[in-house]
Every structure is written in structure tokens, then in C-alpha cells.
Amino acid sequence: TYVVTDNCVRCKYMDCVEVCPVDCFYEGENMLVIHPDECIDCGVCEPECPAEAIKPDTEPGLEKWLTVNAEYADKWPNITVKREAPDDAKEWDGKPNKFEQYFS
Ligand code: SF4
Ligand code: F3S
């Protein structure tokens with residue numbers, strides 16, 4: 001599966017939802033997550049994310065993000081249509097540890 005990681009938080013560009021063939025993105029207030037049981041590992045979303053927030057779970061050190069994506073994909077609503085990113089998305093791009101403060 002692929003996972004959404006910290007740099008999505010408050011960037012939330014949503015380009016990813018447009019390309020996912022199985023519509024497996026779920027939306028919180030400040031970030032999206034991928035449903036691990038629905039993702040077919042096609043990889044097309046990874047290069048589409050302007051914040052480079054999407055990673056394959058074959059990369060080391062992503063255990064936390066696997067847990068986050070699995071937990072919130074079950075709680076948040078499905079998103080299939082891209083909207084405008086937040087006005088200040090660029091200002092948040094690259095800031096560290098955004099999830100700890102603004103995960104929802
Ligand atoms: Fe969707 Fe493919 Fe990305 Fe999985 S890897 S979330 S199936 S676009
Ligand atoms: Fe987030 Fe990147 Fe999608 S910033 S909403 S994972 S395009």
C-alpha cells in the first residue's frame with residue numbers, strides 16, 4: 001500500500017484524489033489518508049503530490065504512517081473530487097512535525 005505522510009498536513013493539495021483509480025483517499029480537516037485495504041499499489045498518486053507526501057510502504061520508517069492511514073481511513077469520509085488547496089498551502093510545505101499539531 002501507499003501512505004500519506006506528514007507533509008500533507010495543511011498543504012492538502014488533493015491532486016492525489018484525481019488520479020487514484022480506486023478512489024481510496026479519505027479526508028480529514030487538514031490532511032488526507034489512504035485506505036490500506038483498498039489501495040491497489042498502482043503508484044500513480046506518488047508523483048502527483050506537489051508536497052511529496054505520498055510514499056510506498058516499502059520505504060523504511062513508515063510504521064507510524066501506516067497506523068495513521070489505517071486508523072483514519074476508517075473514520076473519515078471518502079473523497080473523490082479535488083477542491084482548491086488551502087490558501088496558505090505553500091507556507092506549510094516542508095514544515096516539520098505538522099501532524100502532531102494539526103493532524104485532523
Ligand atoms: Fe490510489 Fe494507486 Fe495511490 Fe493506491 S497507489 S492510493 S491505488 S493512486
Ligand atoms: Fe496531501 Fe499531496 Fe494529496 S498534499 S492531499 S497527499 S496531493
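Above this note sits the structure.
Attention in this report is confined to the structure presented alongside it. Since we're looking at a predicted model, the values are computed, not measured. (Residues numbered from 1 in each chain as written. Chains lettered and ligands numbered in written order. Predicted model: local features only at pLDDT ≥ 70, side-chain atom pairs only at ≥ 80, totals over all residues. Heavy atoms only, no water.)

A separate point is the site of ligand 2. Around ligand 2 sit Val-4, Cys-8, Lys-12, Tyr-13, Met-14, Asp-15, Cys-16, Leu-32, Cys-49, Pro-50, Ala-51 and Ile-54, and that is every residue in its neighbourhood. Residues belonging to the shell around ligand 2 are distributed by class as follows: 10 nonpolar, no polar and two charged. (Near = heavy atom within 4 Å. Nonpolar A, V, L, I, M, F, W, Y, C, P; charged D, E, K, R; others polar.)

Moving on: the packing of aromatic side chains. In the structure shown here, the tally under the stated rule is three aromatic pairs. An angle of 80° between the planes, with centres 5.2 Å apart, marks the rings of Trp-65 and Phe-99 as edge-to-face. Taken as a pair, Trp-65 in helix H2 (residues 63–73) and Phe-99 in helix H4 (residues 98–102) lie far apart in primary sequence, 34 residues in all. Phe-99 sits in the buried class, given a relative accessible area of 11%. (Phe/Tyr/Trp six-rings, centres within 6.5 Å; stacked < 30°, edge-to-face > 60°. Helix = DSSP H or I, 4+ residues; strand = E, 2+ residues; numbered from the N terminus. Buried < 20%, exposed > 50% of the residue type's maximum accessible area, 1.4 Å probe, protein only.)

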